[in-house]
Amino acid sequence: MKSGWRREGGWVRLADWERRFGVVAVVSSRQLGNMKDGSVFRRQCREGGLDPDQWVGGQQVHGARVARVARPREKEKPRTDGVVTRTPGLTLRILTADCVPVFLIDPVRRAMGLVHAGWRGVHKGIVKKAVRRFSMDFQCRTENICVAFGPHIQNCCYDVGPDLAALFQGIPGAISMGKTGGEGGKLSLSLVLRAQLREVGVSGTRLTLAPGCTFCDRTYFSYRRDQTHERQAALLCLKSKR
């Protein structure tokens with residue numbers, strides 16, 4: 001799984017996608033402030049070249065609902081953790097502080113999506129539902145879909161108890177031994193997501209993983225580390241066809 005990310009100012013950019021697919025694909029860092037704050041979000045959008053009035057996101061309830069969207073909303077779409085679109089100039093947004101921001105694009109059909117994937121959403125199969133949305137709503141072929149995992153908590157720091165570990169124990173490598181060697185272990189959300197994507201036909205050669213861990217790296221907000229309610233934003237916007 002390759003990495004096409006780079007740091008630029010207060011952003012982490014998916015530079016490979018931006019160059020190849022004509023999108024803006026970024027995740028903010030703590031340097032840019034709490035993106036849950038509307039004034040901060042609007043200011044950073046403007047400074048990043050995005051229209052602060054042309055965005056849409058989900059309420060993020062740790063579910064598995066993925067919604068098709070075509071126009072901006074003043075408030076998050078209720079009970080939604082993933083959004084997909086083919087509308088150029090519309091910025092998709094999710095907020096995270098350890099969960100995985102999952103970026104999806106089909107450059108052939110010019111479709112894109114952004115998913116908030118915590119352990120609950122991962123267990124419910126949200127990324128598979130997003131891929132199926134691409135197929136049903138936009139007639140995408142899975143072999144054309146590219147996926148990128150933004151900065152999130154990695155298995156080096158994601159200690160889980162036995163009940164949570166049991167949910168993912170059937171996926172080889174998803175749970176590794178904890179420091180104490182006792183029950184539970186360390187969970188790799190990205191490995192589970194990779195396995196789920198393979199199930200729906202997305203090749204591992206089309207996956208991109210951001211380096212680092214939101215818990216280890218104080219560049220990012222981390223709920224597990226600090227019990228903070230502040231969030232970074234993942235943003236994906238399809239530019240008008242050149």
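Calculation rules
Residues numbered from 1 in each chain as written. Predicted model: local features only at pLDDT ≥ 70, side-chain atom pairs only at ≥ 80, totals over all residues. Heavy atoms only, no water. Helix = DSSP H or I, 4+ residues; strand = E, 2+ residues; numbered from the N terminus. Rg over C-alpha atoms; globule rule 2.2 N^0.38 Å. Contact = heavy atoms within 4.5 Å. Areas by Shrake-Rupley, 256 points an atom, 1.4 Å probe, with all protein chains shown as cover. Pairing = 2+ DSSP bridges. Axes fitted to C-alpha atoms, helices over the stretch in contact; angles between N-to-C directions. Phe/Tyr/Trp six-rings, centres within 6.5 Å; stacked < 30°, edge-to-face > 60°. Buried < 20%, exposed > 50% of the residue type's maximum accessible area, 1.4 Å probe, protein only. Lys NZ or Arg CZ within 6 Å of the ring centre and 35° of its normal.

A. Representation of the overall build of the chain in the model. Counting secondary structure elements, the chain contains 7 helices and 15 strands. Against the globule reference of 18 Å for 242 residues, the chain gives a C-alpha radius of gyration of 17 Å, in line with a compact fold. Taken along its principal axes, the extent of the C-alpha atoms in the chain is 55 × 40 × 30 Å. Relative to all contacts within the chain whose residues are 6 or more apart in sequence, the contacts with residues 24 or more apart total 64%. Working note: accessible area of the chain is about 10900 Å², and carbon and sulfur atoms make up 46% of it.

B. Layout of the sheet that holds strand 7 (residues 91–96). With mixed pairing, 6 strands are arranged side by side in an open sheet as 1-2-3-15-7-4. Pairing within the sheet leaves two strands with one partner each, and these edge strands are strand 1 (6–8) and strand 4 (55–57). Direction aside, neighbouring strands of the sheet carry axes that sit 30° apart on average.

C. View of the packing of aromatic side chains. One pass over the structure, following the stated rule, counts 4 aromatic pairs. Relative to Phe103, the ring of Trp5 lies with its centre 5.6 Å away and its plane at 75°, an arrangement referred to as edge-to-face. A residue pair is termed long-range when its members are at least 10 positions apart, and Trp5 in the segment before strand 1 and Phe103 in strand 8 (residues 100–106) qualify at 98 residues. Here Trp5 falls in the buried class, since its relative accessible area comes to 10%. On the basis of an interplanar angle of 65° and a centroid distance of 5.8 Å, the ring pair of Trp17 and Phe21 is categorised as edge-to-face. A residue pair is termed a helical-turn pair when its members lie 3 or 4 positions apart in one helix, as Trp17 and Phe21 do in helix 1 (residues 15–21) at 4 residues. In this structure, Trp17 and Phe21 share a single accessibility class: buried. Positioned above the aromatic ring of Trp55, the side-chain terminus of Arg93 is 4.2 Å from the ring centre.

Purely geometric numbers; function is a separate question.
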